[in-house]
Structures are given as C-alpha cells and as structure tokens.
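Listed here are the chains, written in short residue letters.
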Amino acid sequence: MAIGIDKLDFYAPNFFVSMDDLAVARDTDPNKFKIGIGQSKMAVNPVSQDIISMGVNAAQDILSEDDKENIDMVVVATESGIDHSKAAAIEIHDLLQIQPFARCIEMKEACYSATAAIQLGKDFLSNRPGKKVLVIASDIARYGLNSGGEPTQGAGAIAILLSHNPRIMELNDDSLSYTTNVYDFWRPTSERYPVVDGKLSKDAYIESFNTAWNEYAKRTGHEVKDFESFCFHVPFTKMGEKAFKTILNENVEDSIKNRLMEAYQDSVLLNRDVGNVYTGSLYLSLISLLENHEFNAGEKVCLFSYGSGAVCEIFSGSIVSGYEAELNKEKHSDMLDSREQLSVEEYETFFTRFDNQEFDFERELKGDPYSKVYLSNIEDHIRTYKTEQ
Ligand code: CAA
C-alpha cells in the first residue's frame, strides 16, 4: 500500500536581512557569507510569529475539509519549543480546526525530528486506510547577534500531509538511521541560544552522511546513479554540497555527477533565501527541488536528514505522476519576493524584541498576505492567537 507525501507547503515570515548588509555590518567579506557559506538572505521573524502561528500559516492553504475530518495524528517537530510540557501540536490542531479524535504530539531531536515524525506517520497509516497525518516542522534558528552562527539563522515552517495513495511522493521502505553521541550543537534548557562547535558540527554532519550512506548502499544495493537527485538537510547551502561531493567520487561518471550537482542547486534555491529552518530545512529543500527540477513519474529522490547530537537518516521517495499540479511555486515566489528588507539595525531591534517578547503590532503586522494567524498576546503564560489582521 503506497503511503507518502500528499500535500506540502511552507511559510516564511515577512522580513529578511541580506547577507551583503550583514557582512558589511560585521566587517566581513560578503563573499564569505554568499559563496563560502552559500546564503543570500535570512528570514527574520517578528515577535508575533512563533512556531505555532508559522505552523498554522504553513498548513492553512493545503488542508481541505475532508483532510481535517481524516487527520488522526498531528506531529510538530521543533527545536524551538515554547513549553516543556504542552505540545505545540495541540494549539495547531485547534487553530486548524482538525477533528477532535486525533493524537497530538511534539517531537525533538535537533533538526532531525521531522523525519522521525514522517516515519512515525507512515507506520501509523499502514493499518488505517483513508486516514491522514499532518506533520509540521516549525523553527526559529537563532545564534545571537554578532555570533559565529549569525549568518546561518532563519525562520519558517513546513507543513506535510501524509496519506495513502499520495499525490506527490511515495515513501519507500528503505530508511536507515545512524546515531552517534557528539556535542557539536545543542541547547541546554537554561540557554536562549544553542551552544555550537562550528567546525565539529560540519565534520559531524559529513561523518554521519558518509557512515549512513555506506550502510544504506550496502543494505539496499542502491548506488548514486539510481537516484534522479539527492536532497539534504540545509543548515546553509554549502553544507549539503560539501557532504554530497564526498560520495561523488571517481566511481561516479562525470555526466551523472553533473546531473546530480545541477539538481542539488535546484534543491537549495529556497533555502538560500530563507536560511536555516532547522527541522524543516530538508523539506524546504524538497519543495525547492520539486518546484525547480523536472521529474518523470517513478524517479527516485534520496533524502538525508540530520540533527546535531547526532541522529541522521537516509531514505528515499518515488515521484508520483502529476505531482506538479500539487505544488504552489507561484505562491512561494511571491511570498519571498514580497517580503520587507530590514536594515541590520532594524533586524537587531527585531531580534532583541523577540528575546524580550515585546510586541510591536504596528510595525510587524504590516502587509503579510500569507500570515492569516499571528500571536497576539501572552498573559499568565497563556498564548492567544488571532486569525485575521
Ligand atoms: N570568499 C569565499 N569564501 C570564503 C571567504 C571569502 N572571502 N572567507 C571564508 N570563506 C569560506 C571558508 O573557506 C569556509 O569554507 P570551507 O568550509 O569550504 O572551508 C566558509 O567560507 C566558512 O568559513 P568559516 O568556516 O571560517 O566560517 P565560520 O567559522 O565563521 O562559521 C559556521 C561557519 C561554522 C557554519 C558557522 O556559521 C556556524 O557555527 N553555524 C551554525 C552551525 C551549523 O550550521 N553547522 C552545520 C552543521 S550542524 C547542522 O547541520 C545542524 C544545524 O542545522 C545547526
């Protein structure tokens, strides 16, 4: 029974900073951020867009009434959790008006957990014909002003609807996970920003990819050439490329290398302009790939999911005939093109207000046609959302 991705959408907040401006402000050569790291812009979220409102904004346009009646599980994957106890999925389930007899949970393992949510959803559906699972990956990547990780920040949410007979991608039964205990990037509960060993984090990513790929290839018999494209977790666009090149070795024909590297560039177009969205980064990359690369039905995509700490997974999906009709390319281009550019000074005020949870509705709610839900108040630790501006 085919189970997989039936619908897929994302939301990025209405503000961004350009890497040129950030580099000048940080007295750095812009080419380090634009070429060395491979980023052009980074999304900046206002206080009124938290992981819940972004998750709802990502999902709201793709869910039909029939979907809402048949979603039996909502899983939110995040490493920007706002509560140690209550799952963000409960608010999202409520705001999206999904039928009440659904399971709602939040999952954590750095940037990896959306993949765990998808595999859980796939297993959950295997004995529930006609039912659906909503996975939301929602995160705000923040390293601090003037920090080493600052050019790799970002914010956004991805919504993935899993179903039987999916219209975009069937998930194959070939996933392989790999876990290794490493302190490369983590965020203790007392800390506002993650603790990062930048060099170790890059090495750990590549080591995880190589070890997992070798084992995956051994167990499944798959070779690089069997895939039309690869899709990576993208903390910054150079990271996936560096890892990918380690397996595009002398055993792979040049024509295949060129095809796969071209597809890689298609897969990071959105990430380059949004930045790191942690749990959603692989799936933002998948949206970018599907919207910018031409596939024939049945062609396979190999996906590499990575969460620091570290857990990774390699799995594959097969493209479904007619998948193009389920994409929203025009909406996504418009959403990113119509964002407001912030100066670095103003981005810094947004950043500080977020830390202090100081709303400035007059400034923040101006002209974001893609935000139908926003956080309007926090009182006695209870969050209130408004569904119209
Ligand atoms: N022109 C072109 N390239 C330049 C340049 C210039 N003028 N100046 C420097 N570069 C290149 C460097 O050579 C380097 O390239 P290589 O990696 O190929 O050597 C690249 O720009 C970056 O330079 P540095 O490594 O010196 O940069 P840095 O130390 O200031 O920080 C970083 C880079 C470690 C990624 C940092 O931004 C960071 O800590 N980010 C957060 C952690 C992260 O994203 N890690 C990724 C793996 S972990 C993961 O994937 C999970 C997750 O989402 C967090």
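Residues numbered from 1 in each chain as written. Predicted model: local features only at pLDDT ≥ 70, side-chain atom pairs only at ≥ 80, totals over all residues. Heavy atoms only, no water.

(A) Representation of the pattern of salt bridges in the model. Tallying each qualifying case throughout the model produces 26 salt bridges. Among the ionic pairs, E228 bridges to R259, the shortest N-O distance being 3.5 Å. Taken together, the positions of E228 in the loop between α7 (198–220) and β12 (229–232) and R259 in helix α9 (residues 254–267) put the pair 31 residues apart, joining distant regions of the chain. A relative accessible area of 15% means that E228 is categorised as buried. Residue R259 is classed as partly exposed on the basis of its relative accessible area, which comes to 27%. In this structure, the salt-bridge partner of R353 is E364, at a minimum N-O distance of 2.6 Å. Linking R353 in helix α13 (residues 344–356) with E364 in helix α14 (residues 361–364), this pair joins segments that are 11 residues apart in sequence. (Salt bridge = Lys/Arg side-chain N within 4 Å of Asp/Glu carboxyl O. Helix = DSSP H or I, 4+ residues; strand = E, 2+ residues; numbered from the N terminus. Buried < 20%, exposed > 50% of the residue type's maximum accessible area, 1.4 Å probe, protein only.)

(B) Up close: the domain arrangement of the chain. Taken as a whole, the chain is organised into domain 1 (3–170 + 326–387) and domain 2 (171–323). Taken residue by residue, the interface counts 62 residues in domain 1 and 54 residues in domain 2. In total, about 4600 Å² of surface goes out of reach between domain 1 and domain 2, with carbon and sulfur atoms giving 59% of it. For the domain 1 face of the interface with domain 2, the top three residues by lost area are C111, Y143 and M169, together amounting to 14%. Where domain 1 touches domain 2, the interface holds 2 salt bridges. Residue R192 is joined to D355 by a salt bridge in which the shortest nitrogen-to-oxygen separation is 3.7 Å. Split into classes, the residues belonging to the side of domain 1 that touches domain 2 amount to 29 nonpolar, 19 polar and 14 charged. (Domains from an automatic or database assignment. Contact = heavy atoms within 4.5 Å. Buried area = accessible area lost by both parts, 1.4 Å probe. Nonpolar A, V, L, I, M, F, W, Y, C, P; charged D, E, K, R; others polar.)

(C) Looking closely at the site of the ligand. The local shell around the ligand holds 22 residues, among which K32, S201, K202, H233 and K242 are the closest. D29 is positioned with one of its side-chain polar atoms (N or O) 2.9 Å from a nitrogen atom of the ligand. At 2.9 Å from an oxygen atom of the ligand is found a side-chain nitrogen or oxygen belonging to H233. For the shell around the ligand, the element with the most residues is α7, which contributes 4 residues. A class-by-class count of the residues in the shell around the ligand yields 8 nonpolar, 10 polar and 4 charged. Here the shell around the ligand spans two domains, since at least three of its residues come from each of domain 1 (3–170 + 326–387) and domain 2 (171–323). (Near = heavy atom within 4 Å. Polar contact = N/O pair within 3.5 Å; in protein donor to acceptor, adjacent residues only side chain to side chain.)

(D) Geometry of the pairing of strand β1 (residues 3–11). Across the 9 residues of β1, 9 count as buried, placing the element largely inside the fold. Of the pairings in the sheet, the one linking β1 to strand β7 (residues 154–164) comprises 8 bridges and is antiparallel in character. Within β7, the residue paired with L8 across the bridge is I160. Pairing geometry for β1 and strand β8 (residues 169–171), over 2 bridges, is antiparallel. Bridged to G4 within β8 is E170. (Pairing = 2+ DSSP bridges.)

(E) Layout of the sheet that holds strand β15 (residues 340–341). Taken in spatial order, the 3 strands of this open sheet run β3-β2-β15, and their pairing is mixed. Either end of the sheet is taken by a strand with one partner, and the two such strands are β3 (41–44) and β15. Relative to β15, strand β2 (residues 15–18) is paired through 2 bridges, and the arrangement is parallel. If you follow F16 over to β15, its bridge partner there is Q341.

(F) The arrangement of the side chain of Q153 in detail. By secondary structure assignment, the location of Q153 is in the loop between β6 (132–141) and β7. At a separation of 3.3 Å, a polar atom in the side chain of Q153 contacts the main-chain amide nitrogen of G144. In this view, Q153 contacts M42, A141, R142, Y143, G144, V274, G275, N276, Y347 and F351; residues no more than four positions away in its chain are not counted.

(G) The pairing of strand β13 (residues 300–307), seen in detail. With 8 of 8 residues buried, β13 is to be regarded as a mostly interior element. Of the two faces of β13, the one lined by K300, C302, F304 and Y306 and the one lined by V301, L303, S305 and G307 are each fully buried. The pairing of β12 with β13 spans 4 bridges and is classified as parallel. Bridge pairing in β13 links C231 to L303. Connecting β13 to the next strand, strand β14 (residues 311–319), in antiparallel fashion are 3 residues, including G309 with a positive phi near 125°.

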